[in-house]
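# Report on the structure
Single-letter residue listing:
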Amino acid sequence: MNSARSRGWAVLLLLPALVVVLVFFVYPVFALSARSFLEPTPGFGQYVDLVTNETTVTILVRTLVVALLVTVVTLALAYPYAYLMSLCGPGMRTFLLFLVLLPFWSSLMARTFAWIVLLQPSGPVAGFLGLLGLDGVKLLGSQLGVTIAMTQVLLPFMVLPLFNTMSGIDRRLLSAAHSMGASRFRAFRTVYLPLSVPGVAAGSVLVFILSLGFWVTPRLIGSPQQSLVGQLIETKVGKLLDFPGAGAISVVLLVITVVLLLAVGGGVRALVPGAKTDGGRDDG
Amino acid sequence: MTDRSATAAQPAPTTRTGGVRLDRVTKRFRSGAIGVDDVSLAVEPGEFVTFLGPSGSGKTTTLNTIAGFAKPSSGRIEIAGADVTALPPSKRNLGVVFQNYALFPHMTVRENIAFGLHGRGLSKAEIGARIEESLAMVRLDGLGDRTPKQISGGQQQRVALARALVYRPPVLLMDEPLGALDKALRDRMQVEISRIHREVGTTFLFVTHDQGEALGLSDRIVLFDRGRVVQVGTPAELYERPASLFAAEFLGESNVFRGELAGPGVLRFGEQTLRFTGDGPGSGSAAVVVRPERLRLVRAADASGGAASGVASGAVESAARGGAESAARGGAGVQNRVEARVVNIAYFGAFRRVTLRYADGSSGLLHDGVDAPAPIALGDAVVVGWDAEHAVVVPAPGPAEQAA
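Calculation rules
Residues numbered from 1 in each chain as written. Chains lettered and ligands numbered in written order. Predicted model: local features only at pLDDT ≥ 70, side-chain atom pairs only at ≥ 80, totals over all residues. Heavy atoms only, no water. Helix = DSSP H or I, 4+ residues; strand = E, 2+ residues; numbered from the N terminus. Buried < 20%, exposed > 50% of the residue type's maximum accessible area, 1.4 Å probe, protein only. Contact = heavy atoms within 4.5 Å. Areas by Shrake-Rupley, 256 points an atom, 1.4 Å probe, with all protein chains shown as cover. Salt bridge = Lys/Arg side-chain N within 4 Å of Asp/Glu carboxyl O. pLDDT = per-residue confidence, 0-100. Polar contact = N/O pair within 3.5 Å; in protein donor to acceptor, adjacent residues only side chain to side chain. Core = buried A, V, L, I, M, F, W, Y, C linked by side-chain atoms within 4.5 Å. Pairing = 2+ DSSP bridges. UniProt positions renumbered as here; feature names shortened; annotations may be inferred. Axes fitted to C-alpha atoms, helices over the stretch in contact; angles between N-to-C directions. Expected span 1.5 Å × (residues − 1). Bend = angle between axes of the 7 residues up to and from the residue.

## What to know about the overall build of chain B
Along its length, chain B carries 11 helices and 20 strands. Per-residue burial over chain B gives 50% buried out of 404 residues. Excluding contacts between residues fewer than 6 apart, the proportion of contacts in chain B whose partners are at least 24 apart in sequence is 69%. Summing over all exposed atoms, chain B offers an accessible surface of approximately 17600 Å²; the carbon and sulfur share of this is 50%.

Right, here's the structure in full:
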């Protein structure tokens, strides 16, 4: 079999997925985006409305802040966890991986309802905060509750890319650093941390982008007064039938996502020469 | 072999640095397995010492205890006169070259070399000068701004050397540093490492399972087997006077004649009496070891030995040549003779490597000069011989113990 022919077969293998993506993703996104530029009159009217509408801007900013917060908290929780996973033996690693993947076994809805129970004023989270002297913190229907729940839901998306990168870091590099007189802290800061940056970037981008589009959790745990962009789009599409308006917000989110991806990709390459964002493994 | 090691044993270092002492070092792993078993060793300042042994013999674990990467279960380690047993690797002031170099992939060559100079109270100018100096030492001038991925394996090896030597540690540890290189490059790097050792005068501890590297590079070789040091000596001592069957068979190739000792300097090998000089075990089972280049073709055996009659004329010529050769080499002929059958002949350019099968079923090797007028042929029955002074006797389990 020659290579040209085998490539032809490979394209054939891609075809089903390609069709699904084109019909159910690319076309709707394109159509919605097109409508945002064409209706009610061709031009940037929808975008002018969007930036001049205070509520929309507030919601967008709030969404970005929540997404950033969730990203930072998941990173802080996931980094040591993934580090431990990359260090421990195969048995312990499987167990830790199992713990991370456990949430995927239940539906997002079920988990969100579970959080409603947990976050109730008389629930365990409030009780724990009470022990720390933080009485009367409003969890349900607040930004705090939404952030806590989203952090839990999105944690695996941070742990897995981090673990992937960290397991590819050669531990002998740390031994080498120690042998040259570097303290544990210096070896971590100058060798391990920079080499784990691709994983940090991959996980952060993933969590941040997923946070931007989160709808179920803020809808059920948050309050309508503090809605996020997902809820805004849902309201525009479901209640106001304002498809062009919803399209404009979607395009803004898309642009933010793409810009972020490019910026982070470029940043990682500048910071870690020769780094690959897939985890930095090098078998060469 | 001996000539090469003699050259390597004449270092002219400018200053000699610290030695290394191991005092009854034992490393027991958590699994209960013993990695290093009661090893004591003294390495002189400036010496080039190779830890040689098969994989799992404890040579790398011993190196790791010296580097501080493994903590000995018991025993004491001294570097440059100071007890470092309890010190972490970062406080031992050693240079370490890792098997796959362990260069920092996110740093340039220059940054890699600069890493160990950090926090040693050197000025910026001094650091810059040291880096350039070590780049020049490993002949990588001009490559300082490349990253490890942009240079070849041999160049990475040089960077690893420069990085480990730039802060002038008293002792340099190398763990199979040439293992990842191809043969030609390995030979070149051996020469380079010898040169650098002579130039810097640092004590080099080199781990390898490659006997060629060990023989060619070392002042002394420490031979490891199953966690223990089985012999320490110069390459020539180890090659020419192996103390055990393991040493004889691991280092170089050998003809091993197992038998029973029958008095001083005499071993009974089947029906025959083999003579050897030098010390050996007093009695019991032992083996006489003869190196292939010491073994000589004395004559072809009688056809009654089982040789095909078709090779008779060739066998006669071989016999004539063998006789002439032994006469040329030292007159009186050889003291020990053994019958053998030729089971394989491989052409090696400078010589033919003849595989022999002896009467007791063991096999051996002989290096046959290629200028021989009528080289021996496959299947020939031959007689090989050697001088007593070229045989070494080592303790060996007898046939009965072998079977058990």
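Still more to cover.
## Details of the pattern of salt bridges
All names here are of chain B. Under the definition given, this model contains 20 salt bridges over all chains. Here Glu47 makes a salt bridge to Arg220, at a shortest N to O gap of 2.5 Å. Here the residue Glu47 occupies a position in the loop between β2 (34-43) and β3 (48-52), and Arg220 occupies one in strand β9 (residues 220-225), the gap between them amounting to 173 residues. Residue classification places Glu47 among the buried residues on the basis of a relative accessible area of 10%. For Glu192, the salt bridge identified is with Arg158, shortest N-O distance 3.0 Å. Highlighted residues: Glu192 in helix α6 (residues 183-200) and Arg158 in helix α5 (residues 153-165), separated in sequence by 34 residues. Residue Glu192 shares its accessibility class with Arg158, and that shared class is buried.

## Examining the interface of chain B and chain A
Opposite the 23 residues of chain B that make contact, chain A presents 19 residues. Here chain B is connected to chain A by zero salt bridges.

## Structural notes on the confidence of the model for chain B
All names here are of chain B. Confidence in the prediction for chain B averages 83 pLDDT; 83% of positions are at 70 or higher. Segment residues 1-14 is flagged for pLDDT under 50; beyond a separation of four residues in sequence, or across chains, it makes 25 contacts in the model. Ignoring residues within four places in sequence, the model shows residues 302-332, a span with pLDDT below 50, making 27 contacts including any to other chains.

## Some points on the side chain of Ser57 of chain B
Residue and element names in this part refer to chain B. Relative to the helices and strands, Ser57 resides in the loop between β3 and α2 (59-67). Judged by its relative accessible area of 1%, Ser57 is buried. A polar contact is formed between the side chain of Ser57 and the backbone oxygen of Pro54, at a distance of 2.7 Å. In this structure Ser57 touches Gly35, Phe224, Asp225, Arg226, Gly227 and Arg228, once residues within four positions along its chain are discounted.

## Structural notes on the nonpolar core
Side chains of a nonpolar character, in soluble globular proteins, are inclined to be buried together. One finds Phe51, Leu161, Ile193 and Leu205 of chain B to be the most contacted residues of the largest nonpolar core, which totals 103 residues. Per-element tally for this core: the top contributor is helix α7 (residues 143-167) of chain A, with 10 residues. In this structure Phe51 of chain B touches Leu41, Lys59, Thr62, Leu63, Ile66, Leu205, Phe206, Val207, Thr208, Val222 and Phe224 of chain B, once residues within four positions along its chain are discounted. Judged by nonpolar contacts, the second largest core, of 24 residues, contains Phe276, Val290, Leu295 and Val384 of chain B.

## Topic: the pairing of β9 of chain B
All names here are of chain B. For β9, the tally of buried residues reaches five of six residues, placing the bulk of the element in the interior. Summarising the sheet, β3 and β9 pair through four bridges and their orientation is parallel. Bridging across to β9, Thr50 finds its partner in Ile221. Remark: two residues form the turn of the hairpin made by β9 and strand β10 (residues 228-233), two consecutive strands paired antiparallel; Arg226 in that turn has positive phi of roughly 45 degrees.

## Here's the deal with the pairing of strand β4 (residues 74-79) of chain B
All names here are of chain B. The pairing of strand β1 (residues 20-28) with β4 spans five bridges and is classified as antiparallel. Paired with Asp23 across the two strands is Arg76, which belongs to β4. Inspection of the sheet shows β4 paired to strand β5 (residues 82-83) by two bridges, in the antiparallel sense. Bridging across to β5, Glu78 finds its partner in Asp83. Where β4 folds back on β5, the antiparallel hairpin that results is connected by two residues, among which Ala80 adopts a positive phi of roughly 50 degrees.

## Comments concerning the sheet that holds β2 of chain B
In any sheet, the strands associate via hydrogen bonds between backbone groups, in a parallel or an antiparallel arrangement. Pairing within the open sheet is antiparallel, and its four strands lie in the order β2-β1-β4-β5 (chain B). Of all strands in the sheet, those with a lone pairing partner are β2 and β5 of chain B, marking the two edges.

## With respect to the UniProt feature "transmembrane region" (unreviewed entry) in chain A
Residue and element names in this part refer to chain A. In this structure's numbering, the residues bearing the UniProt feature "transmembrane region" (unreviewed entry) are residues 57-83, 95-119, 139-163, 191-216 and 248-272. For residues 139-163, helix accounts for 84% and strand for 0%, while the C-alpha atoms at its two ends are 31 Å apart. In this annotation, residues 191-216 is assigned 88% helix and 0% strand; the end-to-end C-alpha distance for the span is 40 Å.

## A closer look at the environment of Thr85 of chain B
Residue and element names in this part refer to chain B. By secondary structure assignment, the location of Thr85 is in the loop between β5 and β6 (95-97). Residue Thr85 is classed as buried on the basis of its relative accessible area, which comes to 16%. Distance from Thr85 to Gly75, taken between C-alpha atoms, is 8.1 Å for residues 10 residues apart in sequence. A polar contact of 2.9 Å, which involves the side chain of Thr85, links it to the backbone nitrogen of Ile77.

## Things to note about the sheet that holds strand β7 (residues 171-175) of chain B
Residues and elements named next belong to chain B. The six strands lie next to each other as β6-β7-β8-β3-β9-β10, forming an open sheet whose pairing is mixed. Both edges of this open sheet fall to β6 and β10, since each of them pairs with a single strand only. When the angles between neighbouring strand axes are averaged without regard to direction, this sheet yields 15 degrees. As paired strands, β6 and β7 are joined by three bridges and run parallel to one another. When the sheet's bridge partners are listed, Gly95 is paired in β7 with Leu172.

## Remarks on helix α3 (residues 54-87) of chain A
When the terminal C-alpha atoms of α3 of chain A are compared, their 49 Å separation across 34 residues agrees well with the 50 Å that a helix rising 1.5 Å per residue should span. The largest bend in α3 of chain A is about 30 degrees, located at Ala78 of chain A, with the proline Pro80 of chain A one to four residues further on.

## Brief notes about unusual backbone geometry
Residue and element names in this part refer to chain B. In the Ramachandran plot, Ala102 falls in the positive-phi region, its phi being about 50 degrees despite a non-glycine side chain. Note on placement: Ala102 falls in the loop between β6 and α3 (109-114). Its relative accessible area of 5% is what places Ala102 among the buried residues. Located in the positive-phi region is Arg226, a residue other than glycine, with phi close to 45 degrees. Here Arg226 is to be found in the loop between β9 and β10.

## Quick notes on the side chain of Thr208 of chain B
All names here are of chain B. Note on placement: Thr208 falls in strand β8 (residues 203-208). The class of Thr208 is buried, set by a relative accessible area of 1%. Of note is the side chain of Thr208, whose polar atom sits 2.9 Å from the backbone nitrogen of Asp210. One polar contact links Thr208 to Glu213, side chain to side chain, over a distance of 2.8 Å. Excluding residues that lie within four positions of it along the chain, Thr208 makes contacts with Thr50, Phe51, Leu52, Gly53, Lys59, Glu176, Glu213 and Ala214.

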